[in-house]
2 protein chains.
Amino acid sequence: MTAKRVAHATSQGKGRPRAFDRAQALTRALTVFWRKGYAPASVADLCKAMEINPPSLYAAFGNKASLFLEALRHYEQTYWEAPSRRFMANPDVYAAVDSFFREAAQILLSPETPCGCMVVLAAINISEEEKAIIETVRELRLATKHMFSDRLRQAIQDGQIPPDTDVPALAGALNTLLEGLSIQARDGLFQSELKAIAAHAVRMLPPRPTMPAAR
Amino acid sequence: MTAKRVAHATSQGKGRPRAFDRAQALTRALTVFWRKGYAPASVADLCKAMEINPPSLYAAFGNKASLFLEALRHYEQTYWEAPSRRFMANPDVYAAVDSFFREAAQILLSPETPCGCMVVLAAINISEEEKAIIETVRELRLATKHMFSDRLRQAIQDGQIPPDTDVPALAGALNTLLEGLSIQARDGLFQSELKAIAAHAVRMLPPRPTMPAAR
DNA sequence: GTATTTTTTTAGCAGTCAGTAAAAAAACAA
DNA sequence: TTGTTTTTTTACTGACTGCTAAAAAAATAC
């Protein structure tokens, strides 16, 4: 019944067992990439935070770029999946936008990593050779815009906003404001300031039809 | 009447004359920094574009950081001074915002450098040691927000928007949208798409009071 | 002309980068 | 025990980074 090392899920077969928790190491790498961005996060920085040596990093994650991409996937799932689902599920488009931007402001200034969105910021000013990373973050940003578009089309179907609404432009504007929030977060705005800005997202929607005054 | 080299303004005194046009070299450095960002623009890249060798660069501009700061000042003056003045001078705040964002979209996708705003993007993900650069771009971004605030307060005085308008938040929102546009520009949006988004800036202002129907 | 000053080119510095070769160590299989 | 497999640690690689020493070149001053 020798316990040995139970560190993680599958106690593998032969060979020396991995001495570190891969998931924990990935989370720590995520934090470094999130705070510093892709390029300034050196392999030495990452190794220090992950408490492993370079060969272990390369054996477990391939290279710096693929470690980043895996951290990025983890980031998306951990922080944005639930808010996105709530956004799409909220039956009132005004409330949906308002809640989503409120939640976003909270994520962008989350106490442990108050440094904006990793998708928006981490791969800016990266070497042009890192095409995989550039394209991946670009597509994730595009996906958010498409999410806005989908929800706005639903709102048209629900009769909440006019059918002649310019959906691509409005979705683009919401996406632009959301991405701009990351720069505000990095510039050191307070949570309260960020939320006051985020509250303006809903104002870009067509005005809610006012009840014709009953008389 | 030997002409020799008239390259630039002041034909200096003693010593071997500079063989390159300092202003032109600065402009070329600006282009490199604008397109690639501060960190990925290597001194070798800059020298190649400026058509000089490193010692000439260091003699004329100090070092990479001060070259960037000088290029940044030149960028501000060249591209943003006039639009900002027009923005402040436009007597109608709605027209002012609309025009400014339209002009901004044009600058961010200007044919020679269609890569967003240098103030917003060039110094993101920079080494934390470059405090002078980080602080300078931060303050330039802040200055734009203050410009929005000033113009909005004027609009209140002019009775164009309600006196209870949350000026800091609205100025922050405009600033956030403006900065977000840079990321859109870098993501490859067309001029038309960028302008359609920019047109939503004015929608964040309090709604223009509708003429009470004369009856 | 010669001396002085400044910029030029050439070559290379020390430091950091991402990534790896080699060997020791720790598990299992027989 | 002995062999096999995989991960560990240690030390290091070549390439690139910002930057500069040294000497040649081109101007003026006398």
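In this text, all values refer to a predicted model and were calculated from it rather than measured experimentally.

### Regarding the packing of helix α7 (residues 131-157) of chain B against helix α8 (residues 167-186) of chain B
All names here are of chain B.
Thought 1: It is at 8 Å that the axes of α7 and α8 come closest, and there the two elements cross at 130°. Accordingly, the angle class assigned to the pair α7 and α8 is oblique. Handedness of the α7/α8 crossing: right-handed. Between α7 and α8, the contacting residues are Arg141, Thr144, Lys145, Phe148, Ser149, Leu152, Arg153 and Ile156 on the first element and Val167, Leu170, Ala171, Gly172, Leu174, Asn175, Leu178 and Glu179 on the second.
Thought 2: Looking at side-chain class alone, the contact of α7 with α8 contains eight nonpolar, four polar and four charged residues.

### Examining the interface of chain B and chain A
Thought 1: Contact residues are listed per partner, giving 37 residues for chain B and 37 residues for chain A.
Thought 2: The largest share of the area that chain B buries against chain A comes from Asn125(B), Thr176(B) and Asp187(B), three residues that together contribute 22% of it.
Thought 3: Run the count over chain B and chain A and you get two salt bridges.
Thought 4: Of the charged contacts in the structure, one is a salt bridge between Asp187(B) and Arg141(A), with a shortest N-O distance of 2.8 Å.

### Re the packing of aromatic side chains
Thought 1: Counting across every chain of the model gives 24 aromatic pairs over all chains.
Thought 2: Here the aromatic rings of Phe100(A) and Phe148(A) are separated by 5.8 Å at their centres, their planes lie at 90°, and the arrangement is edge-to-face. Of this pair, Phe100(A) sits in helix α5 (residues 93-108) while Phe148(A) sits in helix α7 (residues 131-157); the two residues are 48 residues apart in sequence, bridging distant segments of the chain. Summarising the burial analysis for this pair, Phe100(A) and Phe148(A) share the class buried.
Thought 3: An angle of 70° between the planes, with centres 4.9 Å apart, marks the rings of Trp34(B) and Tyr79(B) as edge-to-face. A residue pair is termed long-range when its members are at least 10 positions apart, and Trp34(B) in helix α1 (residues 22-36) and Tyr79(B) in helix α4 (residues 64-89) qualify at 45 residues.
Thought 4: For Trp34(B), a relative accessible area of 2% translates into the label buried.
Thought 5: Through a chain of ring-to-ring contacts, the aromatic side chains of Trp80(A), Phe87(A), Phe100(A), Phe101(A) and Phe148(A) assemble into a single cluster.
Thought 6: When the ring centre of Tyr38(A) is taken as origin, the NZ or CZ atom of Lys64(A), which lies over that ring, is 4.5 Å away.

### Here's the deal with the environment of Lys145(A)
Thought 1: Inspection of the secondary structure puts Lys145(A) in helix α7.
Thought 2: By relative accessible area, which is 13% here, Lys145(A) ends up buried.
Thought 3: Lys145(A) sits 75 residues away from Glu70(A) along the chain, and the two C-alpha atoms are 22 Å apart.
Thought 4: In contact with Lys145(A), other than residues within four places in its own chain, are Ala171(A), Gly172(A), Asn175(A) and Leu189(B).

### Focus: the protein's contact with DNA strand D
Thought 1: Inspection of the region around DNA strand D gives 25 residues, with Ala19(A), Asn53(A), Val43(B), Tyr58(B) and Lys64(B) positioned closest.
Thought 2: Atoms of DNA strand D within 4 Å of the protein: sugar and phosphate make up 70%, bases the balance.
Thought 3: Here Ser56(A) contributes a side-chain N or O atom positioned 2.9 Å from a phosphate oxygen of DNA strand D.
Thought 4: Contact between DNA strand D and Val43(B): a phosphate oxygen at 2.8 Å from a main-chain N or O atom of the residue.
Thought 5: Of all the elements in the fold, those that place two or more residues in the surface near DNA strand D are α3 (54-61) of chain A together with α3 (54-61) of chain B.
Thought 6: Per element, the largest residue contribution to the surface near DNA strand D is three residues, and it comes from α3(B).
Thought 7: Considering only residue class, the surface near DNA strand D consists of ten nonpolar, seven polar and eight charged.

### Side note on the relation of the copies chain B and chain A
Thought 1: Between chain B and chain A, the superposition needs a rotation of 180° and an axial shift of 0.0 Å, giving an RMSD of 0.0 Å. Here the copies are linked by what is in effect a two-fold axis. Looking at the rotation axis and the C-alpha trace of chain B, the residue lying nearest is Gly180(B), at 2.0 Å.
Thought 2: Looking at the interface residues of chain B, 97% of them are also at the interface in chain A, so both copies use one shared face.

Conventions used here
- Residues numbered from 1 in each chain as written.
- Chains lettered and ligands numbered in written order.
- Predicted model: local features only at pLDDT ≥ 70, side-chain atom pairs only at ≥ 80, totals over all residues.
- Heavy atoms only, no water.
- Axes fitted to C-alpha atoms, helices over the stretch in contact; angles between N-to-C directions.
- Helix = DSSP H or I, 4+ residues; strand = E, 2+ residues; numbered from the N terminus.
- Parallel < 35°, antiparallel > 145°, perpendicular 65-115°, else oblique.
- Left-handed = near helix turned anticlockwise from the far one by under 90°.
- Contact = heavy atoms within 4.5 Å.
- Nonpolar A, V, L, I, M, F, W, Y, C, P; charged D, E, K, R; others polar.
- Buried area = accessible area lost by both parts, 1.4 Å probe.
- Salt bridge = Lys/Arg side-chain N within 4 Å of Asp/Glu carboxyl O.
- Phe/Tyr/Trp six-rings, centres within 6.5 Å; stacked < 30°, edge-to-face > 60°.
- Buried < 20%, exposed > 50% of the residue type's maximum accessible area, 1.4 Å probe, protein only.
- Lys NZ or Arg CZ within 6 Å of the ring centre and 35° of its normal.
- Near = heavy atom within 4 Å.
- Polar contact = N/O pair within 3.5 Å; in protein donor to acceptor, adjacent residues only side chain to side chain.
- Least-squares fit on C-alpha atoms with pLDDT ≥ 70 in both.

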